[in-house]
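Topology and contacts: notes
Okay, here's what each chain looks like letter by letter:
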Amino acid sequence: MYTDMNIPTTSRITGAEALMRSLEHQGVTTLFGYPGGSIMPVFDALYDHRGTLNHILVRHEQGATHAAQGYARVSGRVGVCLVTSGPGATNTITGIADAMIDSTPLVVIAGQVGTGFLGTDAFQEVDFVGVTQPISKWSYQIRCADDVAWAVARAFYIAGSGRPGPVVLDFSKNAQTEQTDYAPVEVDFIRSYVPVPDTDELVIRQAAELINNARRPLVLVGQGVELGGAQTQLRTFLEKADLPAACTLLGLSALPSEHRLNMGMLGMHGNLAPNVMTNECDVLIAVGMRFDDRVTGKLDSYARQAQIIQFDIDPAEIDKNVKVNHAVLGNCKQTLAAVTALLHPADHREWLAAFAPYRQKEEERVIAPELHPATNPLSMGEVVRAVSDATAGEAILVTDVGQNQMMAARYFRTRHERSIVTSGGLGTMGFGLPAAIGATFGCPDRTVCLFMGDGGFQMNLQELGTIMEQQAPVKMILLNNNYLGNVRQWQAMFFDRRYSFTPMLNPDYLQIAAAYGIPARRVSARGELADAIGQMLASEGAFLLEACVEEEGSVMPMVPPGEAVNHMLLEC
């Protein structure tokens, strides 16, 4: 049967075409990937969907996963990757593991050899399902075209519901080319999978009563607030009961930096006051955070004096690291509102005032010297704060991993939700550059500022090619200290300054940027910094600003490994 345009029509389509239609049915508009032999039928089908599915060609499959993570983190949608089998698939493993521990919704679709070749050690065959099962929410092999629509619908439901995370679809080549009758599939229920557990009303009342009677309450804000879309509910909760709060690294933008109840960042390189007060409060309220070891420090010394309430969507996180008194299960958007309705308006001004001396101490001994150093070299902190001030809290912050990450988290200010993208639990160097690319597609109307070190930059430097091709307007700030700075700091503090393989012999980054057609500028003098930042932000597209900072600077304060969270060093 033919139409007037002589184009054959049929109710049956290939599995590759079924994938395209299934992605469109899920509302996908952007995906990141790299073609290869075992996924070629899918890329051929994608050719006819270029008007609705915008495929971003990265330069390495790891870059595809991190770009999809950046896209997901700022947009709140599921990120999508499309890669081939064998090395193409295994190159995504770091990104999948990163997405799992940081609860990022991701669907990775990988090509696979035909089912007739499975188990024969065929060219570019890897047991990708077996490899990824421990680091994904669900990993499934599509062996026939009839399963495509069902598998895609199920994958997106699992990735984006409950506590989000990565899902892997291993797509055999014969399933891509076989014919199937396509119909859109909806999945909103899976037996034995409970994305949002039931909330116990008694626990809601008990938690509210405990908070109402608290004299020294402290709220710990995690990324679960962002993932649950509970930013408004959080502010109402805090303001009604006059509760001081502190944020984890991934939860930083859940509460505006300048909010009067925001006491700063928790953790190893967090702020002094909230870390000390964790071991002084009488009621500790954890909202959407998992008591990571970088937040708790020495567990047997952590908040022993406090009654602990934990709001979480994942029952597996309850009592995993810290024993709690009341577990409020459910999506915190609903559970926070339920508890807030039972709270009495409160005034904790004396308790809030108790934070002030510690904040002043940190300001005088750490922050002021970092932001206004007397030495000639630029400091990381002053560069971060200068960019933050120039963007007035409106930009999205993306970081790589290391000293650049901690300095950016400490000194960059945000006003809006979903404004920080960083690798938290896995600590993946090389994350920043591709994640920033993804963020520009996830929120094209916002400025994306990427802070990275010279070590992490070189791990995925090839993604400058993606920036060049896509004209992704990433504002890249390279904090270059010619060291693997975070490791060097530990070597200085705990290994008698034996700098074993941490000094870096670096290339000329400006020449590299020029090779990709990206404008760049190097700055080492303090008097040139403001002008250089202005030039970067005024540039319409991408820009690389290399800031030559002091080589042996340290991120302080710091909780030494194995110490109590309130044992913070203010000097290296």
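Refer to the structure printed above.
Attention here is on the structure that accompanies the text. Computed from a predicted model, the values in this text were never measured in an experiment.

1. Considerations on the packing of aromatic side chains
All chains considered together, the criterion is met by 13 aromatic pairs. Seen in terms of ring centroids, phenylalanine 237 and phenylalanine 311 are 6.1 Å apart; in terms of plane orientation they differ by 70°. Their pairing is edge-to-face. Of this pair, phenylalanine 237 sits in helix α11 (residues 231-241) while phenylalanine 311 is found in strand β13 (residues 307-312), placing the two residues 74 residues apart along the sequence. As far as the burial class goes, phenylalanine 237 and phenylalanine 311 line up, both buried. Feature note: the residues Phe32, Tyr71 and Phe441 constitute an aromatic cluster, connected by ring pairs. The ring of tryptophan 138 carries the charged tip of arginine 154 above its face, separated from the ring centre by 5.0 Å. A cation over an aromatic ring shows up here: arginine 488 above the ring of tyrosine 483, its NZ or CZ 5.8 Å from the ring centre.

2. Considering the sheet that holds strand β20 (residues 543-548)
Strand order in this open sheet of six strands is β16-β15-β17-β18-β20-β19, and the pairing throughout is parallel. Lying at the two open borders of the sheet, with one neighbouring strand each, are β16 (420-421) and β19 (520-523). Sheet topology places strand β15 (residues 396-399) next to strand β17 (residues 448-453); four bridges connect them, and they run parallel. In the strand pairing of β17, isoleucine 396 is matched with valine 448. Those strands touched by helix α17 (residues 380-391) are β17, β18 (474-480) and β20, and its axis lies near 160° from that of β18.

3. Some remarks on the sheet that holds strand β4 (residues 79-83)
Strand pairing in a sheet relies on backbone hydrogen bonds. The paired strands run either parallel or antiparallel. Taking strand neighbours across the sheet as the criterion, the six strands line up as β3-β2-β4-β5-β7-β6 in an open arrangement whose pairing is parallel. Strand pairing shows two members of the sheet lacking a second neighbour, β3 (54-57) and β6 (138-142), which therefore form its edges. Across the sheet, the axes of successive neighbouring strands diverge by a mean angle of 20°, strand direction being ignored. Pairing of β4 with strand β5 (residues 106-112), which is carried by five bridges, proceeds in the parallel orientation. Within β5, the residue paired with leucine 82 across the bridge is isoleucine 109.

4. Concerning empty space enclosed by the protein
Rolled over the atoms, a probe sized like a water molecule indicates the empty space that remains. Counted by the stated rule, this structure contains two cavities of 30 Å³ or more. In this structure, the largest cavity occupies an estimated 60 Å³ of space. Glu370, Ser379, Met380, Gln403, Met407, Asn481, Glu550, Gly553, Ser554 and Val555 are the residues that line the largest cavity. Quantified by volume, the second largest cavity comes out at close to 30 Å³. In terms of lining, the second largest cavity is formed by Ser22, His25, Gln26, Ala149, Val152, Ala153, Tyr182, Pro184 and Val185. Elements with a minimum of two residues in the lining of the second largest cavity: α1 (15-25) and α7 (148-160). With three residues, the top contributor of residues to the lining of the second largest cavity is α7. Of the residues contributing to the lining of the second largest cavity, the split by class is six nonpolar, three polar and no charged.

5. Focus: the nonpolar core
Formed by 98 residues in total, the largest nonpolar core has its most connected members in Phe237, Leu284, Phe291 and Phe451. If you tally residues by element for this core, the top one is helix α9 (residues 201-212), at six residues. Counting residues in hydrophobic clusters, the runner-up holds 38 residues, among them Met20, Leu23, Val28 and Ala149.

6. A closer look at the pattern of salt bridges
As enumerated under the stated definition, the model contains 19 salt bridges in all. One salt bridge connects arginine 163 with aspartate 314, and the closest N-O pair in it is separated by 2.8 Å. Of this pair, arginine 163 sits in the loop between α7 and β7 (166-172) while aspartate 314 sits in the loop between β13 and β14 (326-329), placing them 151 residues apart in sequence. In this structure, the salt-bridge partner of glutamate 258 is arginine 413, at a minimum N-O distance of 3.3 Å. Here arginine 413 lies in the loop between α18 (403-411) and β16 and glutamate 258 lies in the loop between β10 (245-247) and β11 (262-265), a separation of 155 residues in the sequence. Connected through salt bridges with shared partners, the residues Arg163, Asp314, Glu317 and Lys320 form a single ionic network.

7. Description of the environment of leucine 569
Looking at the secondary structure, you find leucine 569 in the segment after β20. Relative accessible area serves as the criterion here: at 27%, leucine 569 is assigned to the partly exposed category. Along the primary structure leucine 569 and isoleucine 309 are separated by 260 residues, whereas in three dimensions their C-alpha atoms are 28 Å apart. Sequence-distant contacts of leucine 569, that is, excluding residues within four places in its chain, are made with Met493, Met556, Pro557, Met558 and Pro560.

8. Considering the pairing of β4
Here is the key point about a regular strand: its side chains alternate between the two faces of the sheet. The buried fraction of β4 amounts to five of the five residues, a majority that puts the element mostly inside the structure. Residues Gly79, Cys81 and Val83 point to one face of β4 and Val80 and Leu82 to the other, with burial holding for every one of them. Relative to β4, strand β2 (residues 30-33) is paired through two bridges, and the arrangement is parallel. Bridge pairing in β4 links phenylalanine 32 to cysteine 81.

9. Description of the layout of surface pockets
Considered as a void within the structure, the second largest pocket measures approximately 520 Å³ in volume. Around the second largest pocket, the lining comprises 29 residues; the ones closest to its centre are Gly264, Asn271, Arg359, Arg410 and Arg413. Examining the composition of the lining of the second largest pocket, we find that five residues originate from one element, helix α16 (residues 356-371), more than from any other. Classifying every residue of the lining of the second largest pocket gives 15 nonpolar, six polar and eight charged.

Procedures and definitions
Residues numbered from 1 in each chain as written. Predicted model: local features only at pLDDT ≥ 70, side-chain atom pairs only at ≥ 80, totals over all residues. Heavy atoms only, no water. Phe/Tyr/Trp six-rings, centres within 6.5 Å; stacked < 30°, edge-to-face > 60°. Helix = DSSP H or I, 4+ residues; strand = E, 2+ residues; numbered from the N terminus. Buried < 20%, exposed > 50% of the residue type's maximum accessible area, 1.4 Å probe, protein only. Lys NZ or Arg CZ within 6 Å of the ring centre and 35° of its normal. Pairing = 2+ DSSP bridges. Contact = heavy atoms within 4.5 Å. Axes fitted to C-alpha atoms, helices over the stretch in contact; angles between N-to-C directions. 1 Å grid on protein atoms, 1.4 Å probe; cavity = no way out; pocket = protein on both sides within 12 Å on 5 of 7 lines; lining within 4 Å. Points joined across faces, edges and corners; volume = space filled by probe spheres on them. Nonpolar A, V, L, I, M, F, W, Y, C, P; charged D, E, K, R; others polar. Core = buried A, V, L, I, M, F, W, Y, C linked by side-chain atoms within 4.5 Å. Salt bridge = Lys/Arg side-chain N within 4 Å of Asp/Glu carboxyl O.

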